[in-house]
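Residue-level listing of the chains:
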Amino acid sequence: MKLLKYVIKRLSWGALVLLFVSFFSFLIIQLPPGDYLSSYMARLEKSGMSVDNKSMVALRHSYGLDQPFLVQYGKWFYRFIQGDMGVSFIYTEKVETIIKERLPATLMLSFSSLLVIYLIAIPVGVFAARRQYSLWDFLAAILGFIGMAVPGFLLALILMWIAYQVFGVSIGGLQSPQFMDQPMTMGKFIDLIKHLPVPIIVITMSGTAALIRTMRATLLDELGKQYVTTARAKGLAENKLIYKYPVRAAMNPIISSGGWLVPELFSGETIAAIVLGLPTIGPILYRALLGEDMYLAAGCLMILSGLTIIGLLISDIILAISDPRIRLE
Amino acid sequence: MTHKKDLSRRVFLSRSLMASANIVLLGCISRHPEKKSRTRELSTAGDGELSNQFSATDNAVYKEAPMLAKKVAAGELPPVDKRLPKKPFIRIVNSIGTYGGTLYDDAETQGGRFFLDGALIVAPQETDNEGKIIIPHMCEKVEHNEDYTIFTFYIREGLRWSDGVEFTADDIIWWWEHEQNNKELYPEGPRNTWKTGQKYAVFEKISKWVFSISFTGPFRPLINMSAHEYMSFASFFGQPAHYMKQFHIDFNPKANELARSYGYQTWFQLYKEREEYMRPHAGKPNIAPWVRISTQTTHDVYERNPYYAEVDQKGNQLPYIDKIYMSVVEDRKLREARVATGGVSIGKTVLSQIFIYKRNEKIADFNIKKWKISNASECMFSFNLNHKDPILREIYNDLRFRKAMSVAINRKKINDTLYFGLAKECQATIDPSVSFFDPRWQTYFSHYDIDEANTLLDEMGLKWDSNKQYRLRPDGKRLKTVVLYNQQDFQIELMEFVRQDWSKTGMDIILRETDQQFRRQRCMSGEHDCTCWNADSVEEIATYLPWVTKWNPNNSLYYAMDWWYWYYSEGKDGIEPPDIWKEQFNTMEKWYHAKNDEQYQSLGYQVWDFFSKQLVCIGTVGYAPMPVVVKNGLKNVKDIIKMGYGTVWAKSYMVQTFFWDDPDNHN
C-alpha cells in the first residue's frame, strides 16, 4: 500500500517534470536564429540547389512556422497530450513512427550495455578493492582511466577498422545490408551477433570504467568499518563475509545511480552511434536538433525524459527492497 | 531468330537517326526554320515505318528483366511493349547488360543526396557530359518558335507513370493550375522564373500528349531548364495528377481528414510533403528508372520502374539492375570508411587519402577510376563589395585590391601539394566548352607574383605598420579580414595555403569555419568580410539557368547583397549599385531573354567578360581529379567522366546502364 502511494506520488511529480521539460526543450530548440526552413535552405544550397523566396514563404506557411512561439507550443502540446506527436520536417514521417522504428534497437543496446557494465564493473571493482595497491589493482585502475579518457568516437573508428580487417565485418550499422528487410534467420542472427561487440564495447567503455572506480571506492569504505573487523574476528569465512555484508552495502550507490545510467546510455552513445551508424534514437535526436526539427526533437526528448523518470523510480524501488534501512517516504 | 534481330536493328537505326536529328547544339547551331522542317520530315517518316513494325511484332522487339517477366506471367503487369511508350528513348550502351542485382550506396540523411541519386530523376530533355548538347529524353521532341516565346513539348506517346497510369499533358496542366496557382499552397503565386515582364507563362494543353508553354517575351533558358533535372522548377514534369488529387481539397472533400491521419492538420501540409519532386515519397508514382518502395530512418530501397521508357540498342528495357539500396550513414568519416572498405557499389574518394583506397583495392574488391569534377575552381574567394564598414567597402571595391589578392595566391603550390599537380591552376570562370568562352578569362591575373601584389597595394595607399608585418587601413587600424567558410568537398588545407600567401602582402587574415546555416545568414545580411565556395554550374547549360550561377551576387558567395536587393526590388530596398553594375544586371536580364543566337552569344560574352575582369570571385585551382571506387564486376561504368552540377552529377554516369557481371552474387 505504502509502495503504491509512493509510486503514484512519484509519477505525478514525473508528469510535472515532463511538462517543464517539454516547454524548455521546445524553447531551446527555437532559441538559435532561424528555423527548420533556414537550415533546410542551407542544406539545399550546400548540395548546389537554389530555392526562391516564394517557395520558402509557401513552405513556412504550410509548416506553421510563421506563428508565434507560444501558439506553436500550445498547439503542439494540445496534440501531444492526445497522443499525437506531430510530423518530423526532416523525415516527413510521423514522429511516433520514427521513434517506434528506432526504439527496439535503442532498448536492446541500452539494456545489453547495462548488463555488460554491471557484469564487468562489479566483480572487477570488488577484486580491486580486496587487493588494494596490488599489481591487479593498478592494472584495473590503468585500464579504467584509459576507458574513461578515450573518446568513444575514436575508439569506434579504430575498433570498426579492426573488425573489418581481421573478421571481415562490414562497417557501420548493426546488420550487413543484404540482411536488412529480411525475416530473422540463422544467418541474419549470426550477422547481428558479429556486429554487436564493437558498439557494446564502445558504449560500455566509459560507463564500466567509472563504475569500477565507484565500486572500488565504496567497498574500500565499507571494508574499513568495524563490523567487518568484528565479523572477521568472529571467524566468518572471508568470501561469505565480503559478499554478504560490505559488497551489499557498497552496491547502494550503484543501484541508486542505475536510473541515471539509462539517459546516459541513450544520449552518451549519441556520438558513438553516429560514428557507428547505429539505428538508435541518439542520432535522430542529434539530427533533429541540428536541423531545428522541433517536433521530432521534442518527441525524442520527451521519450528520453520519460524513460529517465521511470528508470529513477525503478532504481529507488529496488534500492528499498535491497536495503531494508531505506524507507520509501 | 535472325528475323527478330534484324527488326530490332532497324528499329534502332531509324530511331537513333531521329534522336540525332532532334539534337540541339546549345548556342552553336542556330535552329533555322528550314532545319526544323527537316527534323519534322524525318520524324514523320520514322513514325510511319515504326508503327508498321509495331503492329507486326508485339513482344518480339523489347525484352525485360526476369523480375518483371515473372510478374507479367502472373498477370500482375501488362507485357513490356504495352508498358513502354510507342517510341521509347534508345540508350546506346557499351555492352549489353545482364538483368538483376542490387546497387549499394550511402547517404547522409534519409532522403538526402547520395552518389547515385541523379539516376532517380528524369526530365523532358537531357544533356551530354559536357553540358552542351541537349537532346529530348522523356519528351520525343521539344520545339520552339523563332523568338523563343512559345515552347511545344511532345511527350512520348504512351509514356506511363510507375503505377501504369498514362503520363499526359493533363499532368502538367494540373501542376500549373491546381498546385502553383493555388493560394493555400503558394500564397505568393508561382516563382518569378515563370514570369517575363509582369506576366506569367501560359500553360496550354494541345492534345493528349502535347502541351505548350508560352511567354510574353523571349525566354530561351526554358530549354536548359527542361534538360536540367536538379532545377527545382523542372518539377512541372513531375506531378502525377491522378495521385496528387487525393490530397487536394478541391478534388477530395475529405483531404483534411486524410492529412490528419498522417499527423498533419490541414490538407496543404500533406500535399506539400507529397509534392516533393527530388525525393518522392515511397508509393508516389514516378517516371524515373527506379522508384522508392520503402522508407525507413536507417535505409531506403528503390526498385526498378516497370514502366521506365528507356531501352538499350537491342531493345532491352533499362535499367539492368533491380534495386538500389541506400543506407543512411550520418557520419562523414564513417561514410569515407565504408567507401574505402567496399561498403558501397560505387563511391567517391577523398583525394588526399587516395593511398588508403589504393591499398584496399584487393581486399575490398574494387577498382579506382579517374573521374574529374568540373568545378572551375575547387574553392573561390570573394570579398564583400557591400561591406557595412565604409573603409573596408572602399578597399574591397578597388579592383587593384582584388587583382593583388589574385596574384598573391601561389596556385602551383596548392596544386602540387594538395592535388598531386593534377588540377588546373586558373582563374575562376566558366567552362572552356562554353560556346562564348574566352581563354583570356582563365589566365586573367592568375599568375603568381607577390611583388606585383605588393606594388598594387602600395599604389592604393595601404601603408605597412612599423614592423612591416601588416598593412594599415587609411584610418590607421590594421587591415583585418575574416574569411568565413564552411567545409564542402574541397580540401580544407587549401584555406591555410591561401591565408599564408595573403599574409605575405601584409593582410591579416583570420580563417573562421562555421556551420553552413550560420555562414548563409551572416553573409545574406552582408555581415562578412570575405567568404568562399566552389565554382560549380559552369557548363553551358548551367550558366544559362536564370540567376543560378555562383557569380550572381546573391548566390553562395553573397558578395553584393545590397546591390542585389536594390535591383530585385526595383530600387525600393538595398543600396543603389554603381552604374557599371546596374548595366551588368541589365545585361544579364537581357541575356536571359535573348531573342536569337547572336544575342545569346554576344550578351553572354559581355556578362562573363565583366565577371571575369571584375575578379569578384578569385579562383584557386579547378578541374581536380575525383577518383571513384567501383566494385569489381560492376560494368558499363565509364573510365573517365567529367561530372558537375550542369550535367546533374550522377546523371552523367548513366546508372541505368550499369550491370553486374554476376547479378546473383550482388543481391
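Conventions used here
- Residues numbered from 1 in each chain as written.
- Chains lettered and ligands numbered in written order.
- Predicted model: local features only at pLDDT ≥ 70, side-chain atom pairs only at ≥ 80, totals over all residues.
- Helix = DSSP H or I, 4+ residues; strand = E, 2+ residues; numbered from the N terminus.
- Buried ≥ 20, exposed ≤ 12 C-beta atoms within 10 Å, placed from the backbone.
- Contact = placed C-beta atoms within 7 Å.
- Nonpolar A, V, L, I, M, F, W, Y, C, P; charged D, E, K, R; others polar.
- Arc of directions from axis to C-beta.
- Domains from an automatic or database assignment.
- Pairing = 2+ DSSP bridges.
- Core = buried A, V, L, I, M, F, W, Y, C linked by C-beta atoms within 7 Å.
- Axes fitted to C-alpha atoms, helices over the stretch in contact; angles between N-to-C directions.
- Left-handed = near helix turned anticlockwise from the far one by under 90°.
- pLDDT = per-residue confidence, 0-100.
- Parallel < 35°, antiparallel > 145°, perpendicular 65-115°, else oblique.

Before going further, it helps to spend a moment on the overall build of chain A. Of the regular secondary structure elements, chain A holds 15 helices and two strands. With the C-alpha coordinates of chain A rotated into their principal frame, the extents come out at 85 × 55 × 40 Å. Relative to its full complement of 329 residues, chain A shows a buried share of 36%. Pairs at least 24 residues apart make up 74% of the contacts formed inside chain A by residues separated by at least 6 positions.

A few words now on the overall build of chain B. Helices and strands together make up the secondary structure of chain B, namely 22 helices and 27 strands. Within chain B, the fraction of its 667 residues that count as buried is 52%. Of all intrachain contacts in chain B linking residues separated by at least 6 positions in sequence, the fraction that spans at least 24 positions is 70%.

Tallying the contact residues gives 48 residues for chain A and 47 residues for chain B. If you tally residues by element for the side of chain A that touches chain B, the top one is helix α3 (residues 53–63) of chain A, at seven residues. Of the residues belonging to the side of chain A that touches chain B, the class tally is 22 nonpolar, 16 polar and 10 charged.

This paragraph deals with helix α18 (residues 516–524) of chain B. All names here are of chain B. Every buried residue of α18 is accounted for by Q517, R519, R520 and C523. Down the axis of α18, the smallest arc covering the buried residues is 165 degrees, so these residues share one side. Backbone geometry just after α18 places G526 at a positive phi near 70 degrees.

Once that is clear, we can look at unusual backbone geometry. All names here are of chain B. Omega for the bond connecting L318 with P319 falls within 30 degrees of zero, at -5 degrees, which places this linkage in the cis form. Phi is positive for D365, close to 60 degrees, though the residue is something other than glycine. Given 13 C-beta atoms within 10 Å, D365 falls into the partly exposed group. Backbone geometry at Y558 places phi at a positive 45 degrees, although glycine is not the residue there. By the element assignment, Y558 lies in the loop between α19 (540–543) and α20 (561–568). The class of Y558 is buried, set by 26 C-beta atoms lying within 10 Å.

Residues and elements named next belong to chain B. Entries for chain B in the domain assignment read domain 1 (2–312) and domain 2 (380–622). Taken residue by residue, the interface counts 23 residues in domain 1 and 16 residues in domain 2. Counting residues per element, the side of domain 1 that touches domain 2 draws most heavily on helix α6 (residues 221–225), at three residues.

Quick look at the pairing of strand β6 (residues 139–144) of chain B now. All names here are of chain B. For β6, a buried count of five out of six residues is recorded, marking the element as mostly surrounded by other parts of the structure. Taken together, the five bridges between β6 and strand β7 (residues 150–155) define a ladder with antiparallel strand orientation. The partner of H144 across the bridge, within β7, is F151. Here β6 folds back onto β7 in antiparallel fashion, the turn holding five residues, of which Y148 has a positive phi close to 60 degrees.

Another point: the nonpolar core. M215, L276, L296, A297 and C300 of chain A together with M380 of chain B are the most contacted members of the largest nonpolar core, which has 248 residues in total. Sorting elements by how many residues they give to this core places helix α5 (residues 95–130) of chain A first, with 11 residues. Shared between two domains, this core takes at least three residues from each, and those domains are domain 1 (2–312) and domain 2 (380–622) of chain B. When neighbours within four sequence positions are excluded, L276 of chain A is seen to be in contact with A156, M160, G172, V198, P199 and V202 of chain A.

All right, on to the environment of S525 of chain B then. Residues and elements named next belong to chain B. With respect to the helices and strands, the residue S525 is situated in the loop between α18 and β22 (530–533). On the basis of neighbour count, S525 is assigned to the exposed category, with 12 C-beta atoms found within 10 Å. Separated by 137 residues in sequence, S525 and K388 have C-alpha atoms that sit 9.9 Å apart.

Residue and element names in this part refer to chain B. Taken in spatial order, the four strands line up as β3-β15-β13-β12 in an open sheet, and their pairing is mixed. If you trace the sheet from one side to the other, it starts and ends with β3 (102–107) and β12 (290–295), each paired once. Pairs of neighbouring strands in the sheet enclose a mean axial angle of 25 degrees, with direction left out of account. Note that strand β13 (residues 299–304) and strand β15 (residues 323–328) share five bridges and pair antiparallel. The residue bridging E303 from the neighbouring strand is K323, located in β15.

Our next topic: the sheet that holds strand β10 (residues 202–207) of chain B. Residues and elements named next belong to chain B. Strand order in this open sheet of four strands is β6-β7-β11-β10, and the pairing throughout is antiparallel. Strands at the two margins of the open sheet, each flanked by one partner only, are β6 and β10. Strand-to-strand twist across the sheet, computed as the mean angle between neighbouring axes with direction ignored, equals 20 degrees.

Residues and elements named next belong to chain A. Following both chains from N to C, one finds α5 and helix α9 (residues 197–223) inclined at 35 degrees, their axes separated by 7 Å at the closest point. Every pair of crossing elements has a handedness; the one defined by α5 and α9 is right-handed. Tallied by class, the residues present in the contact of α5 with α9 amount to 19 nonpolar, six polar and one charged.

What follows is about the pairing of strand β20 (residues 480–485) of chain B. All names here are of chain B. Two elements, β20 and strand β21 (residues 508–513), share six bridges in a ladder whose sense is parallel. The residue of β21 that forms the bridge with L484 is R512. Relative to β22, β20 is paired through two bridges, and the arrangement is parallel. Looking at the pairing, L484 lines up with T531 of β22.

Residue and element names in this part refer to chain B. The pLDDT averaged across chain B works out to 86; a share of 89% of its residues lies at or above 70. With pLDDT under 50 throughout, residues 1–25 is counted as low confidence; its partners more than four residues away or in other chains account for 39 contacts. Taken together, the stretch residues 27–59 has pLDDT below 50 and engages in 31 contacts with residues farther than four places along the chain or on a different chain. What the predictor reports for the complex is a pTM of 0.83 with an ipTM of 0.78.

What follows covers the packing of α5 of chain A against helix α15 (residues 294–322) of chain A. Residue and element names in this part refer to chain A. Relative to each other, α5 and α15 sit at 45 degrees, their axes nearing to 10 Å. Between α5 and α15, the interaxial angle falls into the category oblique. Remark: the crossing between α5 and α15 carries right-handed chirality. Contacts between α5 and α15 pair V95, I98 and I99 from the former with Y295, L296, G299, C300 and I303 from the latter. Class assignment for the residues of the contact of α5 with α15 results in seven nonpolar, one polar and no charged.

This part covers the environment of G147 of chain A. All names here are of chain A. Structurally, G147 can be placed in helix α6 (residues 135–149). Residues G147 and S206, 59 residues apart in the sequence, show an inter-C-alpha distance of 5.2 Å. Not counting chain neighbours up to four residues away, the residues in contact with G147 comprise M205, S206, T208 and A209.

Residue and element names in this part refer to chain B. Within the element layout of this structure, E64 appears in the loop between α2 (33–57) and α3 (66–73). With 23 C-beta atoms counted inside 10 Å, the residue E64 sits in the buried group. In this structure, the C-alpha to C-alpha distance between E64 and L116, residues 52 residues apart in sequence, is 22 Å. In contact with E64, not counting residues within four places along its chain, are A69, V80 and Q317.

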